[in-house]
Amino acid sequence: MMRTKKKWILLTLEIVIWFGLLYVGRRYSQVNERTHMVTVYTMLMLVSAGVAVYVFPVFSRFEMKLTGCWKLAFLMCLRFLPCTVVIMAGTAGIAWLQFYVLPMPCILFVPGIWCLVITFMVEPALLAYMPKPEEGLARDAWYYETGKSEKAKKTKKTKDPHDGQEGFSQEGSPGVRDKPVRNRKHDI
């Protein structure tokens, strides 16, 4: 944790400064009655909020530079857009609930419960970008689980497109050759 503490602080400062600049630009456009620029700043704020949903989980799960985290978070924001919209709407609803409806009771429980719910929504997005586990580490890598049971994995049979062809593994994955193929019609 200590090795990433400076990066976490830098990432948080980047987000705060970026949203501050967007807010100032939006307010300046509102004062000068530039409605098209207000729309541009509002759209940038929404996209930035969507990216901010994923940037911290990406940074905690993957070892990459900050620019790589921002790029991957942007891709995840667009690829998993329905989930992003639900998370952003839920967060706005929770904020509204805390400030206007039940401020004291909600401040103790609701943010933690909402963070727990968000983790279940973000996890499939993270799994989509994680590399496959190595064979020796598969039993220890609990975060690679996709929700399928072992029984469902064993009963699912797939047709090997290379069945009966010489040089292809019958037990391995399709397309991986055990030995070079020789004496085929197109080789002669």
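Draft legend 1. Structural detail: helix 3 (residues 66-79). For helix 3, spanning 14 residues, the distance from its first C-alpha to its last is 20 Å, which sits close to the expected 20 Å at 1.5 Å a residue. Regarding helix 3, the residues found buried are Leu66, Cys69, Leu72, Ala73, Met76 and Cys77. All buried residues of helix 3 project into a common sector of 140 degrees when viewed along the axis, lining one side. Exposed and facing more than 90 degrees away from the buried side of helix 3 are Thr67, Lys71 and Arg79.

Draft legend 2. Summary view of the nonpolar core. If you look at the biggest cluster of nonpolar residues, it comprises 29 residues, and the most contacted ones within it are Tyr54, Val58 and Met76. For this core, the element with the highest residue contribution is helix 5 (residues 103-129), accounting for eight residues. In this structure, tyrosine 54 is in contact with Ala73, Met76, Cys77, Phe80, Cys83, Thr84, Val122 and Ala125, ignoring residues within four places of it in sequence.

Draft legend 3. How the structure looks around the pattern of salt bridges. Evaluated as defined, the whole model comprises one salt bridge. For arginine 61, the salt bridge goes to glutamate 123, with nearest N and O atoms at 3.1 Å. Of the two residues, arginine 61 is situated in helix 2 (residues 35-61) and glutamate 123 in helix 5; the sequence distance between them amounts to 62 residues. The class for glutamate 123 is partly exposed, based on a relative accessible area of 23%.

Draft legend 4. Highlighting the packing of aromatic side chains. Applying the stated rule across the entire model yields two aromatic pairs. Arranged with centres 5.5 Å apart and planes meeting at 0 degrees, the rings of tryptophan 8 and phenylalanine 56 form a pair that is stacked. Of this pair, tryptophan 8 sits in helix 1 (residues 2-31) while phenylalanine 56 sits in helix 2, placing them 48 residues apart in sequence. Its relative accessible area of 28% is what places tryptophan 8 among the partly exposed residues. On the basis of relative accessibility, which here comes to 27%, the residue phenylalanine 56 falls in the partly exposed class. On the numbers, 4.9 Å between centres and 85 degrees between planes, the contact of tryptophan 8 with phenylalanine 59 is edge-to-face.

Draft legend 5. Seen up close, the environment of cysteine 106. Turning to its location among the elements, cysteine 106 is positioned in helix 5. Since its relative accessible area comes to 5%, cysteine 106 is described here as buried. In the structure, cysteine 106 is positioned 11 residues away from alanine 95 in sequence and 9.6 Å away in space, judged by C-alpha atoms. Ignoring any residue separated from it by four or fewer positions in sequence, one finds cysteine 106 in contact with Leu97, Gln98 and Pro111.

Draft legend 6. How the structure looks around a nonpolar patch on the surface. A cluster of nonpolar side chains, Ile9, Leu13, Ile17, Trp18, Leu21, Val40 and Leu44, forms an exposed patch at the surface whose accessible area comes to about 650 Å². Of all elements in the fold, only helix 1 and helix 2 reach the threshold of two or more residues within the nonpolar patch. Sorting elements by how many residues they give to the nonpolar patch places helix 1 first, with five residues. Topologically, leucine 44 is positioned in helix 2.

So, how was this worked out
- Residues numbered from 1 in each chain as written.
- Predicted model: local features only at pLDDT ≥ 70, side-chain atom pairs only at ≥ 80, totals over all residues.
- Heavy atoms only, no water.
- Helix = DSSP H or I, 4+ residues; strand = E, 2+ residues; numbered from the N terminus.
- Expected span 1.5 Å × (residues − 1).
- Buried < 20%, exposed > 50% of the residue type's maximum accessible area, 1.4 Å probe, protein only.
- Arc of directions from axis to C-beta.
- Core = buried A, V, L, I, M, F, W, Y, C linked by side-chain atoms within 4.5 Å.
- Contact = heavy atoms within 4.5 Å.
- Salt bridge = Lys/Arg side-chain N within 4 Å of Asp/Glu carboxyl O.
- Phe/Tyr/Trp six-rings, centres within 6.5 Å; stacked < 30°, edge-to-face > 60°.
- Patch = residues over 30% accessible without salt bridge, like charges linked within 9 Å, V, L, I, M, F, W, Y side chains within 5 Å.
- Areas by Shrake-Rupley, 256 points an atom, 1.4 Å probe, with all protein chains shown as cover.

Such coordinate-based values are descriptive only and should not be taken to indicate function.
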